Amino acid sequence: NAISNDQLNWLKKQGATKLIDMTDNDEMGVIATDIINKMSDSNGKVFEDNTFIMPEDVSVLNKTMPFAGCTFAKVVLPESMTTLPESIFRESLVEEVVLGSNVDIIEDWAFYDATALKRVLKKDAAGVAQESLEGITTFSGMAFYNTASLESIVLPDSLTSIGSSMFTFSGVKNVTIGSGITALVSSMFADSGLTSIVIPETITSVPASAFARSALTCRITSSEAPVETYAFPAANALNVPCIVKTI
């Protein structure tokens, strides 16, 4: 199960020093080595397209920040993974992540400080990667904190639980909120690049500082959701959000 020089050199080129270091860890060494060995084709040749495909029979790399510093253009996660572990892409430079169709929970800090992240996709039942993250029920706290390159995301109808400061300091400009969300959370889009948002009728409250210091200039709402004081402090240069009620 030794890691070949070709594999090590490829990993080093992609900045995967954390993953390499894990091979010497008593707890995670076997899993990390297994992942590295299985990410090659049948001839033992490592992938050349800057894509990391995690093996189907490896589902957990928890609380280790395994992709910290990695510059992979794309990481594809296995169907066996049902929860995206805490801090898995924290401080990574990965640009695109494809979740397996069985993922339903994104844990705390999963993409924290993943400043190069541009897209998060999720496979559907047919195995096709979609922008819709349907099937995910939980976004835990600060999961997308400081994802500066992430400009758009869809919060699916299946999503019912979201943690605080979810998109703080993110580059998100456009957000679609699904019908499963009944309330926004504190500092949800604070200091983000958000310019507009459609608030569905399912939303019952907008808490303080939800959009603080964001780039928000207009919100469209079809609900009678109560808006707390300071929900929009300094949300734009005029400090007067455009509020359009749908009929």
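Nothing here was measured: the structure is a model prediction, and the numbers come from that model.

Rules used throughout
- Residues numbered from 1 in each chain as written.
- Predicted model: local features only at pLDDT ≥ 70, side-chain atom pairs only at ≥ 80, totals over all residues.
- Heavy atoms only, no water.
- Pairing = 2+ DSSP bridges.
- Helix = DSSP H or I, 4+ residues; strand = E, 2+ residues; numbered from the N terminus.
- Buried < 20%, exposed > 50% of the residue type's maximum accessible area, 1.4 Å probe, protein only.
- Core = buried A, V, L, I, M, F, W, Y, C linked by side-chain atoms within 4.5 Å.
- Contact = heavy atoms within 4.5 Å.
- Phe/Tyr/Trp six-rings, centres within 6.5 Å; stacked < 30°, edge-to-face > 60°.
- Lys NZ or Arg CZ within 6 Å of the ring centre and 35° of its normal.
- Arc of directions from axis to C-beta.
- Salt bridge = Lys/Arg side-chain N within 4 Å of Asp/Glu carboxyl O.

Draft legend 1. Here's a closer look at the sheet that holds strand 10 (residues 161-162). The strand order across the open sheet built from four strands is 3-5-8-10, with neighbouring strands paired in parallel fashion. Of all the strands in the sheet, just strand 3 (83-84) and strand 10 have a single pairing partner and so form its edges.

Draft legend 2. The sheet that holds strand 6 (residues 119-123), seen in detail. Pairing is mixed across the open sheet formed by five strands, whose spatial order is 1-2-4-6-7. Each end of this open sheet is capped by a strand with a single partner; those strands are strand 1 (51-53) and strand 7 (129-130). Of the pairings in the sheet, the one linking strand 4 (residues 96-99) to strand 6 comprises four bridges and is parallel in character. Within strand 6, the residue paired with Glu 96 across the bridge is Arg 119.

Draft legend 3. Examining the environment of Glu 201 more closely. Looking at where Glu 201 falls in the secondary structure, it is placed in the loop between strand 12 (196-199) and strand 13 (218-221). Judged by its relative accessible area of 61%, Glu 201 falls in the exposed class. Separated by 19 residues in sequence, Glu 201 and Thr 182 place their C-alpha atoms 8.6 Å apart.

Draft legend 4. Looking closely at the nonpolar core. Grouped together as the largest cluster of nonpolar side chains are 59 residues, with contacts concentrated most on Phe 111, Phe 139 and Phe 144. Those elements that place two or more of their residues in this core are helix 1 (5-13), helix 2 (17-22), helix 3 (29-38), strand 4, strand 9 (152-155), strand 11 (174-177) and strand 12. Ignoring anything within four residues of it in the chain, the contact list for Phe 111 reads Leu 84, Phe 89, Val 97, Ile 106, Leu 117, Val 120, Ala 143, Phe 144, Tyr 145 and Thr 147.

Draft legend 5. Geometry of the packing of aromatic side chains. For the structure on display, the rule yields 12 aromatic pairs. On the numbers, 5.4 Å between centres and 90° between planes, the contact of Phe 52 with Phe 67 is edge-to-face. Taken together, the positions of Phe 52 in strand 1 and Phe 67 in the loop between strand 1 and strand 2 (74-76) put the pair 15 residues apart, joining distant regions of the chain. You can call Phe 52 buried: its relative accessible area is 0%. A relative accessible area of 0% places Phe 67 in the buried class. Relative to Phe 169, the ring of Tyr 145 has its centre 5.7 Å away and its plane inclined at 65°; by these criteria the two rings are edge-to-face. Of this pair, Tyr 145 sits in the loop between strand 8 (138-139) and strand 9 while Phe 169 sits in the loop between strand 10 and strand 11, and the two are 24 residues apart along the sequence. Taken together, the ring pairs in this structure connect Phe 52, Phe 67, Phe 72, Phe 89, Phe 111, Phe 139, Phe 144, Phe 167, Phe 189 and Phe 211 into an aromatic cluster. The ring of Trp 109 carries the charged tip of Arg 90 above its face, separated from the ring centre by 5.6 Å. We note Arg 90 situated over the ring of Tyr 112; from NZ or CZ to the ring centre the distance is 4.4 Å.

Draft legend 6. Spatial organisation of helix 1. For helix 1, the set of buried residues is Gln 7, Trp 10 and Leu 11. Angularly, the buried residues of helix 1 cover 100° about the axis, an arc narrow enough to put them on a single face. Residues of helix 1 that are exposed and point more than 90 degrees away from the buried face comprise Asn 5, Lys 12 and Lys 13. At the C-terminal side of helix 1, Gly 15 shows a positive phi close to 75°.

Draft legend 7. Broad picture of the side chain of Ser 87. Looking at the element boundaries, Ser 87 is found in the loop between strand 3 and strand 4. Taking relative accessible area as the criterion, Ser 87 reaches 6% and is therefore assigned buried.

Draft legend 8. Structural context of the pattern of salt bridges. Evaluated as defined, the whole model comprises three salt bridges. In this structure, the salt-bridge partner of Arg 119 is Glu 96, at a minimum N-O distance of 3.1 Å. Taken together, the residues span a long stretch of sequence, with Arg 119 in strand 6 and Glu 96 in strand 4 at a distance of 23 residues. Classification of Arg 119 as partly exposed rests on a relative accessible area of 37%. Judged by relative accessible area, which is 15%, Glu 96 ranks as buried. Notably, a salt bridge pairs Asp 191 with Arg 213, separated by 2.9 Å at the nearest N-O pair. Taken as a pair, Asp 191 in the loop between strand 11 and strand 12 and Arg 213 in the loop between strand 12 and strand 13 lie far apart in primary sequence, 22 residues in all. Given the relative accessible area of 48%, Arg 213 is considered partly exposed.

Everything listed here is a matter of coordinates, which is why it stays silent on function.
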